[in-house]
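Listed below are the residues making up each chain.
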Amino acid sequence: MKISDIMIRIHPILAADIVSGRTDIKAPKYIDFFPVVDEQQKYMGTIRKEALLAVQNCSGGRQSVLALIEGNTPIVSKTDDIDYLPDTVNQAVVVDDNQQVVGIVTAARLMRMLKKNLNEFKDQFSAVINSAQNGILAVDSQGRIIIANRAVEEILELQNSNIIGHPVTEVIANTLMPVILESGKPLLGQKISLGKTMVMANYSPIISDNEVVGAVSVFQDISLLENTSSELNYVKGLMYELEAIINSSYDGMFITDAKGNVLRVNKAYERIAGIKATEILGKDMRQLVEAHYYNQSVTLLVMEKGESITINQTVKNDRKILVTGNPVFDAEGNLFRVVTNVRDITELSQLQEQLSKTKEQTLKYETELSHLRSMQLKAQEIIFRSNSMTQAIATATKIAEVDSTVLITGESGTGKELIAKLIHKRGKGITKPFIKINCAALPEHLLESELFGYETGAFTGAKKEGKPGLFELAHNGTLFLDEVGDMPLILQAKLLRAIQDKEFMRVGGTKSIKVNVRIIAATHRNLANMAKEGSFRTDLYYRLVVVPIHLPPLRDRKEDIPLLIIHFLDKFNKRFGYSKTIGPDVIDKLADYSWPGNVRELENIIERMMVTATVEELSFDCLPESFKIKSFLPKRGTKLKTAVEQVETFLLSETYKECQSWQKVAEALDIDRATVYRKAKHYGLLKG
């Protein structure tokens, strides 16, 4: 505090005016002395008020009044600190930098100003203490309560008047304050019950000149702590006067004045924010934000709105903290301080982000497993001997090492998926994902979400955490689009973009996802004709048909049928624990069949024969009924008359073998008996 803060401004009296009797006292009544100066405004001394009044009332001898001027009154500069006043001095004359008298200092004035400043400090101290969310209780060396903040009143449900001055043991029976006063050592983490409230209390002695002059306790409502924040740690630390009380908080405390100038930060704040107090003390919050110490300031927001505000704040080292700013008002209702409580949420943010990523990765693995369990590549070989299959396998093996798009065509059951798996196995390898989707098996809206996935809330019934699509699951692997010819036109456009750009967006998403996926498509349709007719996009067709592989139907590669029969026979013998065989005549019969269902139909027929037959060797009788119906076709190039005779001979002979009666043959063929006998005789079918 400066001398100028406590001085009384007063004009000095000219010595000449005193001598001539021209003085007129125009000062407050409580001033009892006046500074005296000469004509050059040079300080001469002081004259007491009663002496000056006596001079004014005197009718003669005014020259002697100069002797009344006292020269022992000390002189102080208005810029001096009040500490420069000697303890024994009760009055002084104040001069400016030019040594001109500008005022006086009286003992009464000094006492009033010190009392006012003391009251202001008490108000400030009380405001800071009462702004703390924790209870703060202090006692003197006798154990009498001298400080109790608002939190203490709320927890104890007592007015301050019923607390201050009372022995602490009367207010809190189970307190450890007497122990602290006796031992002079701090104690942390006492769990005690205060009325209906369970609190965690920390104790610290107050030491002055190596003597215990009191103790302070800081306690926190545990139930409130558990309900409001699981991250808030119990208050710890030692309490040494005001600085010790603030530093005892485990949470950071950041205090500024009403203009945003940083006044104090505790040790906890330095730890949480990673900023040393020396870096920011005395600086304005606006400067600190501009210097990128903080991305935003809760202090400035509180100064603007005059209310408590909570925000997430990022400090210069990218730490995330949760800050709550509380305004502190003085007795006149003006903003006096802003006290900010700080909590570190960096680890919590990292854990939340890690948990989110873990959930998404787990969902991706679960979805991938659900698709891969039934699609795992097996170590089986493709059975073939025909030239057409040899050429198809050679092409598949040759292009396996590159990522070119492949289109496999052929009838259903010809083994298109086996060729796709062969390409994947020889190229990407079985450790990489092989994802299959049947484009004809799902409706349009489900097909899109299966291919590309969807975000949270993309449509009614969607999982709240979203779902990755098959494109994502096939990353660094192969996506097999079976029956691609049945894909709706609107999805063909999206598929084309995904193949061309190697990126896509989930349904309901806003950001692109890049993937590295090899595309293998398959269809039983003629995509070239479909492209001409407009039922399949021409640009997508040419994007898919980079490497075409056509699989011939089984009826066009009959030399493969015996090998396939033996392969399936061995496969089902191992599966069911059989040791069954098959007769050569049955193999020949199966080889002559047209096989509209191709290899898949052949495999099903062999399995059916094996599980239904009661004999060890599969014979002609084990074949399904459709194979027992004999058919006859004349050779290509046969004349029509000859072909008719051959067919009639075949029908008559085969029907007689079954009926053993020409009468029954006539009935079976729906002709009269005479015609049957005539034709049978003509073709030499009658015996004897």
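Below, the structure is looked at part by part.

Reading guide: rules and limits
- Residues numbered from 1 in each chain as written.
- Predicted model: local features only at pLDDT ≥ 70, side-chain atom pairs only at ≥ 80, totals over all residues.
- Heavy atoms only, no water.
- Patch = residues over 30% accessible without salt bridge, like charges linked within 9 Å, V, L, I, M, F, W, Y side chains within 5 Å.
- Areas by Shrake-Rupley, 256 points an atom, 1.4 Å probe, with all protein chains shown as cover.
- Salt bridge = Lys/Arg side-chain N within 4 Å of Asp/Glu carboxyl O.
- Lys, Arg positive; Asp, Glu negative; His and termini not counted.
- Charge placed at Lys NZ, Arg CZ, Asp CG, Glu CD.
- Helix = DSSP H or I, 4+ residues; strand = E, 2+ residues; numbered from the N terminus.
- Pairing = 2+ DSSP bridges.
- Buried < 20%, exposed > 50% of the residue type's maximum accessible area, 1.4 Å probe, protein only.
- Phe/Tyr/Trp six-rings, centres within 6.5 Å; stacked < 30°, edge-to-face > 60°.
- Polar contact = N/O pair within 3.5 Å; in protein donor to acceptor, adjacent residues only side chain to side chain.
- Contact = heavy atoms within 4.5 Å.
- Axes fitted to C-alpha atoms, helices over the stretch in contact; angles between N-to-C directions.

## A closer look at a negative patch on the surface
Here comes step 1: On the surface, Asp-585, Asp-588, Asp-592 and Glu-617 cluster together into a negatively charged patch.
Here comes step 2: Summarising the element assignment, Asp-592 is placed in the loop between helix 23 (584-591) and helix 24 (598-612).

## Some remarks on the pairing of strand 4 (residues 43-48)
Here comes step 1: With five bridges joining them, strand 3 (residues 33-37) and strand 4 adopt antiparallel strand pairing. Bridge pairing links Val-37 to Tyr-43 in strand 4.
Here comes step 2: Hairpin connection, strand 3 to strand 4: the antiparallel pair is bridged by five residues, and Gln-41 has positive phi, about 60°.

## Side note on the pattern of salt bridges
Here comes step 1: In the structure shown here, the tally under the stated rule is 20 salt bridges.
Here comes step 2: Among the salt bridges present, the one from Arg-555 reaches Glu-411, with a minimum N-O distance of 2.5 Å. Here Arg-555, found in the loop between strand 26 (547-550) and helix 22 (561-576), pairs with Glu-411, found in the loop between strand 18 (406-409) and helix 16 (416-427); they are 144 residues apart in sequence, far enough to count as distant.
Here comes step 3: For Arg-555, a relative accessible area of 33% translates into the label partly exposed.

## Structural notes on the packing of aromatic side chains
Here comes step 1: Tallied over the entire structure, the rule returns 11 aromatic pairs.
Here comes step 2: Considering the side-chain rings of Phe-576 and Tyr-578, the 5.6 Å spacing of their centres and the 45° angle between planes classify their relative orientation as tilted.
Here comes step 3: By relative accessible area, which is 32% here, Phe-576 ends up partly exposed.
Here comes step 4: Among the aromatic residues, ring-to-ring pairing joins Phe-254, Tyr-269 and Tyr-294 into one connected group.

## What about the side chain of Lys-580?
Here comes step 1: By the secondary structure assignment, Lys-580 is in the loop between helix 22 and strand 27 (581-582).
Here comes step 2: At 2.9 Å, the side chain of Lys-580 and the backbone oxygen of Ala-613 are in polar contact.
Here comes step 3: With residues up to four places along the chain from it excluded, the contact list for Lys-580 reads Leu-569, Asn-573, Met-610, Ala-613, Val-615 and Glu-616.

## Overview of the environment of Lys-436
Here comes step 1: As for its placement among the helices and strands, Lys-436 is situated in strand 19 (residues 434-438).
Here comes step 2: Measuring from C-alpha to C-alpha, the distance between Lys-436 and Ala-420 comes to 9.8 Å, with 16 residues separating the pair along the chain.
Here comes step 3: Within the local environment of Lys-436, its side chain forms a polar contact with the side chain of Glu-417, the two groups lying 2.8 Å apart.

## Quick notes on the sheet that holds strand 18
Here comes step 1: Read from one edge to the other, the open sheet built from five strands follows the order 19-22-25-18-26, with strand pairing classed as parallel. Of all strands in the sheet, those with a lone pairing partner are strand 19 and strand 26, marking the two edges. Each neighbouring strand pair of the sheet contributes to a mean axis angle of 20°, computed without reference to strand direction.
Here comes step 2: Pairing between strand 22 (residues 478-482) and strand 25 (residues 518-523): four bridges, direction parallel. Within the sheet, the bridge partner assigned to Leu-479 lies in strand 25 and is Ile-519.

## Some details on unusual backbone geometry
Here comes step 1: Notably, Gln-41 is not glycine yet its phi reads approximately 60°, a positive angle.
Here comes step 2: Summarising the element assignment, Gln-41 is placed in the loop between strand 3 and strand 4.
Here comes step 3: Gln-41 sits in the partly exposed class, given a relative accessible area of 32%.
Here comes step 4: With a phi close to 55°, Lys-502 is a non-glycine residue in the positive phi region.
Here comes step 5: Take Lys-502: it is sitting in the loop between helix 19 (489-501) and strand 23 (503-504).

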